[in-house]
Amino acid sequence: MPGERLRVDVQGRSLELSNLDKVLFPEVGFTKGEVIDYYTRIAPVLLPHLSDRALTRIRFPNGVTGGSFFEKNAPAATPDWVRVETLPAPGSTKGRETIDYVVADDLPTLVWLANLAALELHTPQWKVGEHPDLMVVDLDPGAPATLRQCCQVAVLMRDRLAADGIDSYPKTSGKKGMQLCCPISGTQDADLVSGYARRIAQELEKEHPKLIVSRMAKNLRPGKVFIDWSQNNAAKTTVAPYSLRAQAAPSVSTPLTWDEVAAGAAGKRPATKPYTASEVLKRVERDGDLLAPLLTAGPQLPA
């Protein structure tokens, strides 16, 4: 029955789940219950990437076709066992000095968020109270460029970063583009990280002007891949690995192998369409967490 509620125990926490049959992805009939099931099953590899990071959620209470809203503040009636951190709010559009962020360190919090239809989970490149321990660049194709061109740029960027001793790990955005994630030392501030990413993007643009653009202006981007180095700004977040995305089907920001990226650059999958929740669960069962190296500190970036 619509509005029916179910009381469950999740690792010793009592949660009330509601409207489990509500369809959140109408094109494929994917329900809120299935969203909760996905996040529960993917939690062992997802939670380490959320741990200690202030979480921005995008909620879709009426499904992906019914409107959405960004949520940074802990909502009303947040359970007292949910971790909340009061942090500065750089770039707040509402002029707030601080925000009470939810931090999803455990499965009960993740299930609680899924029950609120928080389909998309976005995190900054640093843990609470620390400097960035990740550098992330977003590769965004301007039509008619596609994920194929993103894969080509990813390989170029991987090789350039490797020349500086920086390892990079690819994932799809779950939409049309992808990201490269690099573990770094956690001892350098966001301005330095952002400046380094910008310098590399500009260098690659100069070497491959028909394929790459490092500037955000829309008129420069058709047919090229925009390397968005600004993801490392203190006010920015990036979709978390294994997060659902609000597409027609329940697509996922999916870690890739470099062999898959090379195949994508040649016009094979993942250059055709995003991976879905069921596919990602199978991939993790087979491969484990391809982004596990991000959980270990990397080197310092060149100044």
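In this convention, every chain numbers its residues from 1, walking through the sequence in written order. In view of the model being predicted, local features appear only for residues whose pLDDT reaches at least 70, and side-chain atom pairs are presented and counted only at 80 or more, with totals across whole chains, interfaces and linings using the full set of residues. Hydrogens are left out, water is left out, and the side-chain values use all remaining heavy atoms of the structure.

Looking at an unreviewed UniProt entry, the chain carries the name ATP-dependent DNA ligase, with the source organism given as Micromonospora endolithica.

A. Summary view of the sheet that holds strand β14 (residues 225-228). In this description, strands pair whenever DSSP reports at least two bridges between them. Secondary structure elements follow DSSP: runs of H or I no shorter than four residues count as helices, runs of E no shorter than two count as strands, and numbering proceeds from the N terminus. Strand order across the open sheet formed by five strands is β11-β12-β10-β14-β13, with mixed pairing between neighbours. Two strands in the sheet have a free side with no partner beyond their single neighbour: β11 (169-172) and β13 (212-213). Contact definition: two residues touch when any of their heavy atoms are within 4.5 Å. Fitted lines through C-alpha atoms give the axes, limited to the stretch in contact for helices. The angle between two N-to-C directions lies from 0 to 180 degrees. Contacts from helix α3 (residues 147-163) reach β10 (134-141), β12 (178-183), β13 and β14, with the element oriented near 20° to β12.

B. Region of interest: the side chain of S251. Structurally, S251 can be placed in the loop between β15 (238-239) and α5 (258-265). Pairing of N or O atoms within 3.5 Å defines a polar contact, subject to two protein rules: one partner must be a possible hydrogen donor and the other a possible acceptor, and residues neighboring in sequence count only if both atoms are side-chain atoms. There is a polar contact of 2.7 Å between the side chain of S251 and the backbone oxygen of G174. Sequence-distant contacts of S251, defined by excluding residues within four places in its chain, comprise G174, S243, L244, R245, P274, Y275 and T276.

C. Structural detail: the domain arrangement of the chain. Assigned domains of the chain: these are domain 1 (5-123) and domain 2 (134-276). Counting residues at the interface gives 23 residues for domain 1 and 19 residues for domain 2. Summed over both partners, the accessible area lost on bringing two parts together, with a 1.4 Å probe, is the buried area. When the two sides are added together, the surface that domain 1 and domain 2 hide from each other amounts to roughly 1700 Å², 65% of it contributed by carbon and sulfur. Looking at the side of domain 1 facing domain 2, the largest losses of area belong to F25, Y38 and E120, adding up to 26% of the total buried there. By definition here, a salt bridge exists when the distance from a side-chain nitrogen of Lys or Arg to a carboxyl oxygen of Asp or Glu is within 4 Å. Here domain 1 is connected to domain 2 by one salt bridge. Two residues, R245 and E120, come together in a salt bridge whose shortest N-O distance is 3.2 Å. As used throughout, domain bounds are those supplied by an automatic or database domain assignment.

D. Region of interest: the packing of α3 against helix α4 (residues 190-207). For the pair α3 and α4, the least separation of the axes is 11 Å and the interaxial angle reads 120°. By the criterion of interaxial angle, the relationship of α3 to α4 is oblique. Once α3 is placed against α4, the crossing between them reads as right-handed. Facing α3, whose interface residues are L156, M157, R160 and L161, α4 presents Y196, I200, E203 and L204. Throughout this description, any angle smaller than 35 degrees is read as roughly parallel, any larger than 145 degrees as roughly antiparallel, any in the 65 to 115 degree range as roughly perpendicular, and the remainder as oblique. Whether a crossing is left-handed or right-handed is set by the direction in which the near helix is turned from the far one by less than a right angle, anticlockwise for left-handed and clockwise for right-handed.

E. Representation of unusual backbone geometry within the structure. With an omega dihedral of 5°, the bond running from A143 to P144 counts as a cis peptide bond. Relative to the elements of secondary structure, P144 occurs in the loop between β10 and α3. Backbone geometry at Q11 places phi at a positive 50°, although glycine is not the residue there. Among the secondary structure elements, Q11 is positioned in the loop between β1 (5-10) and β2 (13-18). A positive phi angle, near 75°, is found at Y242, a position not held by glycine. With respect to the helices and strands, Y242 occurs in the loop between β15 and α5. Note on classification: 1.4 Å probe, protein chains only; a residue is buried when its accessible area is under 20% of the maximum for its type, exposed when over 50%, partly exposed between these limits. Look at Y242 and you get buried, because its relative accessible area is 1%.

F. Local environment of the environment of E71. Topologically, E71 is positioned in strand β6 (residues 69-71). Looking at E71, its side chain comes within polar contact range of the side chain of R59, at 3.0 Å.

G. Quick look at the packing of aromatic side chains. Between 30 and 60 degrees the pair is tilted, below 30 it is stacked and above 60 it is edge-to-face, where a pair is any two Phe, Tyr or Trp rings, Trp via its six-membered ring, whose centres lie within 6.5 Å. Inspection of the entire model under this criterion finds two aromatic pairs. Aromatic side chains F25 and F30 sit 5.6 Å apart centroid to centroid with 80° between the ring planes, which places their arrangement in the edge-to-face category. Considered together, F25 and F30 belong to a single accessibility category, that of buried residues. To sit over a ring, a charge needs its Lys NZ or Arg CZ within 6 Å of the ring centre and within 35 degrees of the ring normal. The positively charged end of R158 is found above the aromatic ring belonging to W258, 4.7 Å away from the centroid. A cation over an aromatic ring shows up here: R283 above the ring of Y275, its NZ or CZ 4.4 Å from the ring centre.

H. Broad picture of the nonpolar core. Judged by nonpolar contacts, the single largest core of 76 residues is most densely connected at Y38, Y39 and I42. Taken domain by domain, this core gets at least three of its residues from each of domain 1 (5-123) and domain 2 (134-276). Each residue touching Y39, except ones within four places of it in the same chain, is listed here: L46, L110, A114, A118, L119, L121, Y242, S243 and L244. Within the second largest apolar cluster, six residues are counted, among which are L134, V136, C181 and L291. Definition used in this section: a nonpolar core is a set of buried Ala, Val, Leu, Ile, Met, Phe, Trp, Tyr and Cys residues joined via side-chain atoms within 4.5 Å.

I. Representation of the pairing of strand β5 (residues 54-59) within the structure. The buried fraction of β5 amounts to six of the six residues, a majority that puts the element mostly inside the structure. Both faces of β5 are covered, namely the face carrying A54, T56 and I58 and the face carrying L55, R57 and R59. Of the pairings in the sheet, the one linking β5 to strand β8 (residues 98-103) comprises two bridges and is antiparallel in character. Across the sheet, residue A54 finds its bridge partner in β8, namely V103. In this structure, β5 lies alongside strand β9 (residues 118-123), joined through four bridges in antiparallel fashion. Directly across from I58, in β9, lies its bridge partner E120.

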